[in-house]
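Notes for the structure review
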Amino acid sequence: MADFDIPELKEYPIIPHIQPGVMAHSKPFVAKPEFQEPLGYPGELVDNWQEKAIEKLGELKGKYRSLQVFLDACVKCGACTDKCHYYLGTADPKNMPVARQDLLRKVYRRYYTFAGKYFPKLVGAVDLTREVLDDWYAYYHQCSQCRRCSVYCPYGIDTAEISMAAREIMDSIGLGQKYCNEIIGKVFKIGNNLGLPEPALADTLEGLEEEVYEDTGVKVRYPLDEEGAEILLVTPSADFFAEPHVDGLIGYGKVFHEAGVSWTLSSYASEAANFGMFIGSYENMRRVALRIREAAIKLGVKRIVFGECGHAWRVAYSFLNTLAGPFDFLDPNYPVPQHICEFTYDLIKQGRLKFDKSENDHMVLTFHDSCNVARASRMGDFPGGQFVIPREIIKATCNHFYDMDDWGIKEATFCCGGGGGLLTDDLMEVRIKGALPRMEALKDVVENYGVTHMAAICAICKSQFTKVLPYYGFTMDQIVSVHQLVSNAIILTRGTEEPGGEAETADAA
Amino acid sequence: MTFLTVVYALLFYVATGVLLFGLGYKIRQYWKTPQPLKIPTTPAPVTRSGVVIRMLKEVTVFASLFKGNKWTWLFGWTFHAALLLVLLRHLRYFQEPVWGWVRFIQPFGKYAAFAMLAGLAGLWARRFLVDRVRYISAPSDHLMLALLLGIGISGASMTFVAHADIVSLKAFFLGLIRFDWQPIPSDPLLLIHLLLVATLMIVFPYSKLLHAPGVFFSPTRNQVDNPREQRHVAPWAEELERKERRQAAAG
Ligand code: HEM
Ligand code: SF4
Ligand code: SF4
């Protein structure tokens, strides 16, 4: 099925010897003009692209301190070279974080530094040629912006910042990536990545209500566009239909139901994901984020809660206040925004949720820390909350939980292999190879503790694992949503006698 | 006044000027460039004092590097700690009277030269032995290590093998500071040592040695993790918002 070799699983990641050029062919489809223009980019590669790219680099390094400092500060110590899952999985040296940065840095040096202008050979500076641009396109789309390299760099140099800048430069000269740009266009036009219009959403949610009623005998509601609700839930659109995502959405609804709060989804802001981040575009990221603000104002909600999604949570936690704030029209007693895990965890701590853990006894679980949650955001009101809270939820709902080895969890977590705008079929090879370290960590707990399932709180991770698990001898249904576990175990205590009566109680709460 | 004295005197004025202005320019550039988004890397402190502690750990014990690679950490930290001691030891050439603690560290500083050389040798060996590090090394990365090794070897030789005329040297440097030039001792080893040091000072602001100021400006390390509590907006992003509001009002 695949025309490349699937890497062999070892007991733990082995650092490979370099094999230059083996992934140079890996390039995503280029965006057509129809996907470029709605985002404000030229339709195709402009004639004076070289000049424009250099100019854009200059502009960006003046706007982002991260970029300017990171381009200067690297000492080539090599501490990051073995930290990237794409290097571990492919052995292509240009997938070593520092080498990935150098693709841009050598151009920066050539045009913007004294040493590179006058002694290019000495400092490895090169002209921006078509070959360099091709390398950019290949290797900046083999970075999932997971920030693992940044953790180990003595100066915190974050290759994600570099690849975001590189993608923004390429977009600005008309060389965009189809997958990301098409999706952003869909959000602008319809409201979500999948292009699901309001009637389709309403239909799906109605279906969920029926399904849950049949399952539990309780009328749990999944409301859409309900003005005056207390909470606006913003969730990745994969939650509306794909397995195991949708089981998570069912879980959120049950939690809100038990909490007795009124909530709603919005068809206008029916997407938590924000691919504007992946392409490094402040403007596009902001445009997507502003939809959430507008929806919150229009619906008159008091709180905003985000569903399970990794990069969406980064944009929500770290950037939303910057991009679309201030949120002074919301209830100041709650952080803006909140993660659904924070919401559920608070209720668990207050003893307001009852669980029958045995409902999950057919599974032995482990937890995959999603990069953007682990290394680029936080949960709760204490450092490291993003590690504690999801695990506490799993432990409250399951009897069998085992963490993977320390080298692959928490801030050291390995990417699923599909983040950062790579979750597309035209990048299947790098996705499969990049999943290697995570698969190795998983194999270890499967063999030693009999783990059967891996829980995650990210739509991209869930989709990626569903696709790549089978290549490594696992099955696609071994990935589950954290709120799927909640959904399985939660004991619904409200609205059991009087079907249809909880809408009023909810409003009163 | 010998020709040599004039050359070296001018060389050190130029080197000092380049170092100070070059670094000043870069620091100003870093300072003035905004960071539009909050991007601290986990484990990110949630308070300003937490950030100060994090930064102290980075610059004193290279905390992140320790997590990243034990060998590089060992060689790198040894080199830097020794370099610091050696530099402090050199203060005695520039002051009269010499501070007590500078006198106190003299014996340690003397032997630190060996630790510095060992650290540099270890770092350089990695550039040849580890294929990944070999791949990322440009000629300038090798030259930088050669330069520092050259400084260390010539310096240590004067301390342990062929003593230079320290008294005249000190008179030369005090003379430079007081703009009252004194002759430089014409010991070849010393002249080589000083030439290399001046070279290092000149390349500093144009090379990867910018990591020294850079680390303090790294947003992943110096930001407080409080984006929900405090709105963080760059001036250019504010301008963007103002423009939008004007357009909305006009349209
Ligand atoms: C705030 C002060 C400084 C800090 C925190 C710092 C930190 C570091 C760290 C963590 C590394 C990486 C590990 C290594 O390769 O050693 C490094 C590399 C290096 N540092 Fe520094 N440094 C500082 C000042 C200096 C100064 C003043 C010099 C030189 C005069 C210097 C010269 C070097 C060199 C040459 C390397 C590269 C070594 C190699 O090629 O492997 N550093 N520094
Ligand atoms: S951000 Fe992640 S994917 Fe990108 S270079 Fe660093 S480790 Fe690799
Ligand atoms: S760890 Fe940091 S300084 Fe070292 S090579 Fe990688 S990016 Fe450069």
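Starting afresh in each chain, residues are numbered from 1 along the sequence in its written order. Chain labels run from A onward and ligand labels from 1 onward, assigned in the order the entries are written. Where totals are concerned, whole chains, interfaces and linings use all residues; where local detail is concerned, this predicted model gives features only for residues with pLDDT of at least 70, and gives and counts side-chain atom pairs only at 80 or more. Hydrogens and waters are ignored; side-chain quantities use all the structure's heavy atoms.

Only protein atoms enter the 1 Å grid used here. Points where a 1.4 Å probe fits but cannot escape make up a cavity, open sets with protein on both sides within 12 Å along at least five of seven lines make up a pocket, and a residue lines them when an atom lies within 4 Å of a point. Grid points are joined across faces, edges and corners, and a volume is the space filled by probe spheres set on the points. When its volume is computed, the second largest pocket comes out at roughly 720 Å³. As for the second largest pocket, its lining consists of 28 residues, and the residues nearest its centre are Ala115 and Val123 of chain A together with Val203, Tyr206 and Ser207 of chain B. Segments assigned H or I by DSSP are reported as helices when at least four residues long, segments assigned E as strands when at least two residues long, and all are numbered from the N terminus. Of all elements in the fold, only α3 (65-73), α5 (97-112), α6 (114-118) and α7 (120-123) of chain A together with α1 (3-32), α8 (139-160) and α10 (188-203) of chain B reach the threshold of two or more residues within the lining of the second largest pocket. With five residues, the top contributor of residues to the lining of the second largest pocket is α8 of chain B. All residues other than Ala, Val, Leu, Ile, Met, Phe, Trp, Tyr, Cys, Pro, Asp, Glu, Lys and Arg, Gly among them, are scored as polar; the first ten of these are nonpolar and the last four charged. Here the residues of the lining of the second largest pocket are counted per class, giving 16 nonpolar, six polar and six charged.

All names here are of chain A. Relative to the elements of secondary structure, Gln478 occurs in the loop between α21 (459-468) and β7 (479-481). Given the relative accessible area of 17%, Gln478 is considered buried. A polar side-chain atom of Gln478 sits 2.9 Å from the main-chain carbonyl oxygen of Thr452. In this analysis, two residues are considered to be in contact whenever any of their non-hydrogen atoms come within 4.5 Å of each other. Those residues in contact with Gln478 that lie beyond four places of it in its chain are Thr452, His453, Met454 and Leu469. Relative accessible area decides the class of each residue, using a 1.4 Å probe on protein chains only: under 20% of the type maximum gives buried, over 50% gives exposed, and in between gives partly exposed. Each polar contact in these results corresponds to two N or O atoms within 3.5 Å; when the atoms are within protein, one needs to be able to donate a hydrogen and the other to accept it, and residues that are neighboring in sequence are counted only if both atoms are side-chain atoms.

Let us look at the sheet that holds β7 of chain A. The strands that make up a sheet pair up through hydrogen bonds in the backbone, lying either parallel or antiparallel. All names here are of chain A. One requirement defines pairing of two strands: DSSP has to find at least two bridges between them. Taken in spatial order, the three strands make up an open sheet running β5-β6-β7, and their pairing is parallel. With one partner strand each, in any of the chains shown, β5 (365-367) and β7 form the two edges of the open sheet. Within this sheet the neighbouring strands show an average axis-to-axis angle of 40°, counted without direction. Sheet topology places β5 next to strand β6 (residues 453-456); three bridges connect them, and they run parallel. Across the sheet, residue Thr366 finds its bridge partner in β6, namely Met454. Axis definition: a line fitted to C-alpha atoms, over the contacting stretch in the case of helices. Angles run 0 to 180 degrees between N-to-C directions. On the sheet, α21 packs against β6 and β7 and is oriented at approximately 155° with respect to β7.

Residue and element names in this part refer to chain A. We call a residue near a molecule or strand when any one of its heavy atoms sits within 4 Å of it. Every one of the 13 residues lining ligand 2 counts as a neighbour, but Cys84, Cys143, Cys146, Arg147 and Cys149 are closest to it. Of all the secondary-structure elements, those providing two or more residues to the shell around ligand 2 are α4 (85-90), α5 and α9 (148-152). Here the residues of the shell around ligand 2 are counted per class, giving six nonpolar, four polar and three charged.

Below, the discussion takes up the pairing of strand β3 (residues 303-306) of chain A. Residues and elements named next belong to chain A. Here β3 shows no split at all, with Arg303 and Val305 on one side and Ile304 and Phe306 on the other all buried. Both strand β1 (residues 231-234) and β3 contribute to a ladder of four bridges, which runs parallel. Of the residues in β3, the one forming a bridge with Ile231 is Arg303. Of the pairings in the sheet, the one linking β3 to strand β4 (residues 338-339) comprises two bridges and is parallel in character. Across the sheet, the residue bridging to Val305 is Gln338, located in β4. Handedness of a crossover is defined as follows: orient the strands so they point away from the viewer, and if the path from the first strand over the helix to the second runs clockwise, the crossover is right-handed. After leaving β3, the chain enters helix α15 (residues 310-324) and then returns to the sheet as β4, a path that is right-handed.

Right, let's get into the domain arrangement of chain A. Residue and element names in this part refer to chain A. According to the domain assignment, chain A contains domain 1 (33-183) and domain 2 (184-402 + 451-489). For the purposes of this description, domain bounds are those given by an automatic or database domain assignment. Taking the mean C-alpha position of each, domain 1 and domain 2 sit 32 Å from one another. Each partner contributes residues to the interface: domain 1 has 20 residues there, and domain 2 has 21 residues. Put simply, buried area is how much 1.4 Å-probe accessible surface two parts lose in total, over both of them, once they are put together. Of the roughly 1,800 Å² buried where domain 1 meets domain 2, counting both sides, 51% is carbon and sulfur surface. Put simply, a salt bridge is a Lys or Arg side-chain nitrogen that is within 4 Å of an Asp or Glu carboxyl oxygen. Our enumeration of links across domain 1 and domain 2 arrives at zero salt bridges. Linking domain 1 to domain 2 there are 18 residue pairs in polar contact (both at pLDDT 80 or more).

Before going further, it helps to examine the site of ligand 1. The full set close to ligand 1 counts 23 residues, and Tyr155 of chain A together with Gly76, His80, Arg127 and His211 of chain B are the nearest of them. Mapping the residues near ligand 1 onto chains gives chains A and B. Taking His80 of chain B, its side chain carries an N or O atom lying 2.6 Å from a nitrogen atom of ligand 1. One of the side-chain nitrogen or oxygen atoms of His211 of chain B is found 2.8 Å away from a nitrogen atom of ligand 1.

Let's shift gears to the coordination of the iron atom of ligand 1. Residues and elements named next belong to chain B. For Na, K and Ca the donor cut-off is 3.2 Å; for every other metal, N, O and S atoms count as donors within 2.8 Å. Water does not enter the count, which can leave sites looking incomplete. At the metal site, the iron atom of ligand 1 is ligated by His80 (NE2) and His211 (NE2), and these contacts range over 1.9 to 2.0 Å. A four-donor site is called tetrahedral if each angle lies between 85 and 135 degrees; a four-donor site is square planar, and a six-donor site octahedral, when trans pairs exceed 155 degrees and the remaining angles lie between 65 and 115; all other cases are labelled irregular. Geometry at the iron atom of ligand 1 is octahedral, judged from its six donor atoms and the angles of 86 to 180° they form at the metal. Of the two residues, His80 sits in helix α4 (residues 70-90) while His211 sits in helix α11 (residues 211-217), which places them 131 residues apart along the sequence. Assessed through its relative accessible area of 29%, His80 is described here as partly exposed. For His211, a relative accessible area of 13% puts it in the buried group.

Moving on, we come to the interface of chain A and chain B. Contact with chain A, which involves 77 residues of that partner, is made by 60 residues of chain B. Around 5,500 Å² of area is buried between chain A and chain B when both sides are counted, 57% of it from carbon and sulfur atoms. There are five salt bridges connecting chain A and chain B. The residue Arg378 of chain A makes a salt bridge to Asp225 of chain B at a minimum N-O spacing of 2.7 Å. Linking chain A to chain B there are 39 residue pairs in polar contact (both at pLDDT 80 or more).

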